[in-house]
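So you can see what is in the structure, the chains are spelled out below.
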Amino acid sequence: MNTEPWASGPVRIDSWLWAVRVFKTRSAATTACRAGHVRLNGDRVKAAQTVKIGDELRIRISGFDRILIVRQTLVKRVGAPLAAVAAEDRTPPRDPMAAAGLRDRGAGRPTKRERRDIDRLRGRDQAGERTDR
């Protein structure tokens, strides 16, 4: 039995995403593949699709795309330092204004003034319709 975490050849995409700590469980990685949230070199993939060194992965998590380049193929889950070596993260930095319209959980219902400010940030007019179209 092989006790090494890395593989010499291609590895299943759901297994690799779990091994490099993109998803907490392998079943979560499989579910993301089934839902079409994982793209390999621009194409949607199934969980059994294999990845090899040099492949580009785009994973949609929480409404944002993560771009990863496969630098090492892994079959077993590894620690964070080894996971960082196995995957090169090319995700562009997020826009700080994107989170400006979100409220903290438990903050209660927004006041009328706060609601108007949120609508203004989201580009909506007084009737609730978008003004940027």
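See the structure shown above.
Every value quoted in this text rests on a predicted model; they were computed, and no experiment measured them. (Residues numbered from 1 in each chain as written. Predicted model: local features only at pLDDT ≥ 70, side-chain atom pairs only at ≥ 80, totals over all residues. Heavy atoms only, no water.)

Time to look at the sheet that holds strand β5 (residues 56-61). The five strands lie next to each other as β3-β2-β5-β6-β7, forming an open sheet whose pairing is antiparallel. Two strands close off the open sheet at either side, each with one partner strand: β3 (43-44) and β7 (87-89). One ladder, built from two bridges, connects strand β2 (residues 38-40) with β3; its direction is antiparallel. Within β3, the residue paired with arginine 39 across the bridge is arginine 44. (Pairing = 2+ DSSP bridges. Helix = DSSP H or I, 4+ residues; strand = E, 2+ residues; numbered from the N terminus.)

To continue, consider the pattern of salt bridges. All chains considered together, the criterion is met by 10 salt bridges. A salt bridge links arginine 71 to glutamate 88; its shortest N-O distance comes to 2.6 Å. Of the two residues, arginine 71 is situated in the loop between β6 (64-70) and α3 (80-86) and glutamate 88 in strand β7; the sequence distance between them amounts to 17 residues. Arginine 71 gets classed as partly exposed once you look at its relative accessible area, which sits at 37%. (Salt bridge = Lys/Arg side-chain N within 4 Å of Asp/Glu carboxyl O. Buried < 20%, exposed > 50% of the residue type's maximum accessible area, 1.4 Å probe, protein only.)

The next thing to look at is the environment of tryptophan 18. Topologically, tryptophan 18 is positioned in helix α1 (residues 13-19). A C-alpha to C-alpha distance of 6.5 Å links tryptophan 18 and alanine 29, two positions 11 residues apart in sequence. Setting aside its immediate chain neighbours within four residues, tryptophan 18 contacts Phe23, Lys24, Thr25, Arg26, Val75, Lys76 and Arg77. (Contact = heavy atoms within 4.5 Å.)

Our focus in this paragraph is the pairing of β6. In the sheet, β5 pairs with β6 via six bridges, with the strands oriented antiparallel. By the bridge assignment, leucine 57 is partnered in β6 with leucine 68. Where β6 lies against β7, three bridges are found, and the strand directions are antiparallel. Paired with isoleucine 69 across the strands is glutamate 88, a residue of β7.

In this section: the nonpolar core. Of all hydrophobic cores here, the largest spans 25 residues; its most connected members are Ile13, Trp16, Leu17, Val38, Leu57 and Ile59. Those elements giving two or more residues to this core turn out to be α1, α2 (26-34), β2, β5, β6 and α3. Ranked by residue count, the leading element in this core is α1, at four residues. (Core = buried A, V, L, I, M, F, W, Y, C linked by side-chain atoms within 4.5 Å.)

Further remarks concern the environment of leucine 17. Relative to the elements of secondary structure, leucine 17 occurs in helix α1. Using a relative accessible area of 0% as the deciding quantity, one classes leucine 17 as buried. Along the primary structure leucine 17 and alanine 29 are separated by 12 residues, whereas in three dimensions their C-alpha atoms are 6.4 Å apart. Beyond its immediate chain neighbours, meaning those up to four positions away, leucine 17 contacts Val22, Phe23, Ala29, Val38, Leu57 and Ile59.

Read these as geometric descriptors, not functional statements.
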